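Chain residues, written in single-letter form:
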Amino acid sequence: MYFVTSTKILLCLSLLFLSPMSAYAISAITCHCFTDRSYDAGHPTAADAYFLATTQNSFFAIVFNTDKKSIVMKKQHGTSPDDLWVAYWIASKTGNTPDRLLQAKSKSDSWKKAVVPINLPPKILGERFSNALNANVPTARLSEAVVDELFLKDQLLGEKDLADMRKTGATNQELIISTVIATKTMQPVKQLYLAVKSGTKSWGSLLSWTKIDTKNMQQEVANILTLHPQ
């Protein structure tokens, strides 16, 4: 076990320094080299960070019809998950590309200023997102608005359940994984979320209980979207 973990850490470090990047670019990288990727009943929360990340990435890849690996690479090279949600959402509603939008954001101090030149009608981006954008809220809040728009559009949760989850503090990652498990088990989504937050359960234990194989998470996400047609 020690050898495997050490090897993974060395691989992460080698990836950082093989590319001819500046010191600033290297410091901006977020390493997604998770050392624990499977559920261990003896350490029930050890792989939870991985389960949260891979479920979110799988959902992202499905709803935006993009390659999961490319999303992971963008995160590894310093693009925040929140900026990715916003960029891909706007791109899906316009003729712009996510990369072009991310570049525009890098030259501005807010997404509101970055998209002003595009002059988009509010209805195109959705009421929740448009309201958040016009209020110039932090990017984290904007990304939540994106996920909320997607959940309501695909009928993954109703307005009340979605509002309850946000009020209890569910992040995008937690909202997504809770909904995947709730749909699979027909259990109340808030009940599952609170079980994990209280320490009664872990994400890994719930995934194990439902027999969800995270290696096939994209298919699991596709399945719940099929159950909730647009």
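Residues numbered from 1 in each chain as written. Predicted model: local features only at pLDDT ≥ 70, side-chain atom pairs only at ≥ 80, totals over all residues. Heavy atoms only, no water.

**Student:** Could you give an account of the overall build of the protein, with specific residues and numbers?
**Tutor:** Regarding its fold elements, the protein presents 15 helices and zero strands. The buried share among the 230 residues of the protein stands at 43%. Partitioning the intrachain contacts of the protein with sequence separation of at least 6 by distance along the chain shows that 58% fall at a separation of at least 24. Split by element, the accessible area of the protein, about 12,500 Å² in all, is 56% carbon and sulfur. (Helix = DSSP H or I, 4+ residues; strand = E, 2+ residues; numbered from the N terminus. Buried < 20%, exposed > 50% of the residue type's maximum accessible area, 1.4 Å probe, protein only. Contact = heavy atoms within 4.5 Å. Areas by Shrake-Rupley, 256 points an atom, 1.4 Å probe, with all protein chains shown as cover.)

**Student:** Would you mind going over the confidence of the model for the protein in detail, with residue names and values included?
**Tutor:** Residues with a pLDDT of 70 or more make up 84% of the protein, whose mean pLDDT is 86. Mean pLDDT per element in the protein: helix α2 (residues 23-28) is the minimum at 37, and helix α13 (residues 189-197) is the maximum at 98. Across residues 1-31, confidence stays below pLDDT 50; counting only partners more than four residues off in sequence or on other chains, it has 20 contacts. (pLDDT = per-residue confidence, 0-100.)

**Student:** Outline the side chain of S202, listing residues and values.
**Tutor:** With respect to the helices and strands, the residue S202 is situated in the loop between α13 and α14 (203-209). Taking the relative accessible area as the measure of exposure, S202 reaches 3% and is therefore buried. Other than its neighbours up to four places away in sequence, S202 contacts Y39, P44, T45, D48 and V196.

**Student:** An account of the pattern of salt bridges is requested, with residue identities and associated values reported.
**Tutor:** Tallied over the entire structure, the rule returns ten salt bridges. When the shortest N-O distance is used, the salt bridge between K113 and D109 registers 3.3 Å. Within this structure, R128, D148, E159 and R166 form a network of salt bridges that share partners. (Salt bridge = Lys/Arg side-chain N within 4 Å of Asp/Glu carboxyl O.)

**Student:** I'd like to hear about helix α15 (residues 217-227), residue by residue, with values.
**Tutor:** Listing the buried residues of α15 in full gives M217, E220, V221, I224 and L225. Along the long axis of α15, the arc covered by the buried residues comes to 135°, so they all point the same way. Buried residues along α15 sit in contact with α3 (48-63), α12 (172-185) and α14. (Arc of directions from axis to C-beta.)

**Student:** So, unusual backbone geometry: which residues are in play, and what are the values?
**Tutor:** Residues apart from glycine generally show negative phi values, whereas peptide bonds are mostly found in trans. One non-glycine residue, M186, adopts positive backbone phi at about 60°. By secondary structure assignment, the location of M186 is in the loop between α12 and α13. Positive phi, normally seen in glycine, also occurs at K211, with a value near 60°. Mapped onto the elements, K211 comes out in the loop between α14 and α15.

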